[in-house]
Amino acid sequence: MEGRFITFEGGEGTGKSTQARMLADALERKSIAAVLTREPGGTPGAEAIRGLLLDNALDWNAEGEALLFAAARADHVANVIQPAVEAGKWVICDRFLDSSRAYQGGEGSISDADIMTLHSIGSRGYLPDLTILVEVDDAEREARLSARDGDESDRIGGKSATYHAKVAARFHALAEAETQRFVIVDGLGTPEDVHARVLQAVQDRLGGIS
C-alpha cells in the first residue's frame, strides 16, 4: 500500500490530538500500518526542543520560535515522517507546518513567505497529503481550555482568549486558501461524532479506508 501523510491542525482545545489518535487506531484496526506522532516532537532532538518552546520560564520572540520549530520539524521529517511514508505507512501527525504559519506567521511577526522559506530549507518543502483542520467556536474553545488546563497552562496555551481567537481565524484563512490540501472538520459533538466526520473526510480525499 502507498504511504500517506496526514496532519491535524487547529487552535488549542479543538480536540485535534484526540482525533489524531483515534484515526491512527482506526487505521490499525483496518490493518493499515500507522505511525502517530506530534510536533514539535517525534524524535529525541525535537522533543528536547519542544521542552524549550513550551517552558513558561522562557520568553521566545517570534523569530526564535520560528527557527526552533523549523529545526525540530527538519529532524522529524528526515528521521520519522518521510522514511515511514516511503515504507508504505500512514503517518498521522498532531500539528505540522501550518501551526507555524498560524502562530508565528499569523500572530507573530514572521511573514508566511519566511515560514515557507525555513520549511524549504529545513524540510525540503515536504507537505502532507491531507491536512485536517478541526474547528470549534470561541466559547467552546475557552470552556475546553479551562477544563483541560485550569491554572496550569503551558506558555502557548496560557495566552489570552483574543490571541487564540486570532490564531483560529488564521488557520481558517489558510484552509480556505489551500482547499486542495485542507479539509475543515467541525469539532463540536462527542469525540465519536467528530471521528466519523474525520473518517469520511479521509475516505473522500484519499480513499483506501472504507
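In this report, we go over the structure that sits alongside the text. Remember, it's a predicted structure, so these values are computed and weren't measured experimentally. (Residues numbered from 1 in each chain as written. Predicted model: local features only at pLDDT ≥ 70, side-chain atom pairs only at ≥ 80, totals over all residues. Heavy atoms only, no water.)

**Comments concerning the sheet that holds strand β2 (residues 34-38)**
What the 5 strands build is an open sheet, ordered β2-β3-β1-β4-β5; its pairing is parallel. Two strands close off the open sheet at either side, each with one partner strand: β2 and β5 (182-186). When strand polarity is set aside, the average angle formed by the axes of neighbouring strands in this sheet is 20 degrees. For strand β1 (residues 4-9) and strand β4 (residues 130-135), the ladder comprises 4 bridges, and the chain directions are parallel. (Pairing = 2+ DSSP bridges. Helix = DSSP H or I, 4+ residues; strand = E, 2+ residues; numbered from the N terminus. Axes fitted to C-alpha atoms, helices over the stretch in contact; angles between N-to-C directions.)

**Remarks on unusual backbone geometry**
Looking along the chain, the bond that leaves Glu39 and enters Pro40 is cis, with omega of -10 degrees. Note that Pro40 resides in the loop between β2 and α2 (44-54). Of note in this structure, Arg95 is not a glycine but carries a positive phi near 80 degrees. Despite not being glycine, Arg124 shows a phi value in the positive range, around 55 degrees. Inspection of the secondary structure puts Arg124 in the loop between α5 (112-123) and β4.

**Looking at the nonpolar core**
Residues Ile6, Phe8, Ile132 and Val202 are the most contacted members of the largest nonpolar core, which totals 21 residues. Secondary structure elements with two or more residues in this core: β1, α1 (16-29), β3 (90-94), β4, β5 and α8 (191-206). At 5 residues, α8 tops the list of elements feeding residues into this core. One finds Val35, Ala62, Ala66 and Ala84 within the second-largest nonpolar core, a separate group that totals 16 residues. (Core = buried A, V, L, I, M, F, W, Y, C linked by side-chain atoms within 4.5 Å. Buried < 20%, exposed > 50% of the residue type's maximum accessible area, 1.4 Å probe, protein only.)

**Points about the side chain of Ser100**
Topologically, Ser100 is positioned in helix α4 (residues 97-103). Accessibility expressed as a relative area gives 3% for Ser100, which makes it buried. Leaving out residues up to four positions away in the same chain, Ser100 has contacts with Phe69, Arg73, Gly105 and Ile115. (Contact = heavy atoms within 4.5 Å.)

**Digging into the pairing of β3**
In terms of burial, β3 is a largely internal element, 5 of the 5 residues being buried. The side-chain alternation of β3 yields two buried faces, one formed by Trp90, Ile92 and Asp94 and the other by Val91 and Cys93. With 5 bridges joining them, β1 and β3 adopt parallel strand pairing. Within β3, the position partnered with Thr7 by the bridge is Cys93. Taken together, the 5 bridges between β2 and β3 define a ladder with parallel strand orientation. Along β3, the bridge assignment pairs Thr37 with Cys93.

Any link to function would need more than the numbers given here.
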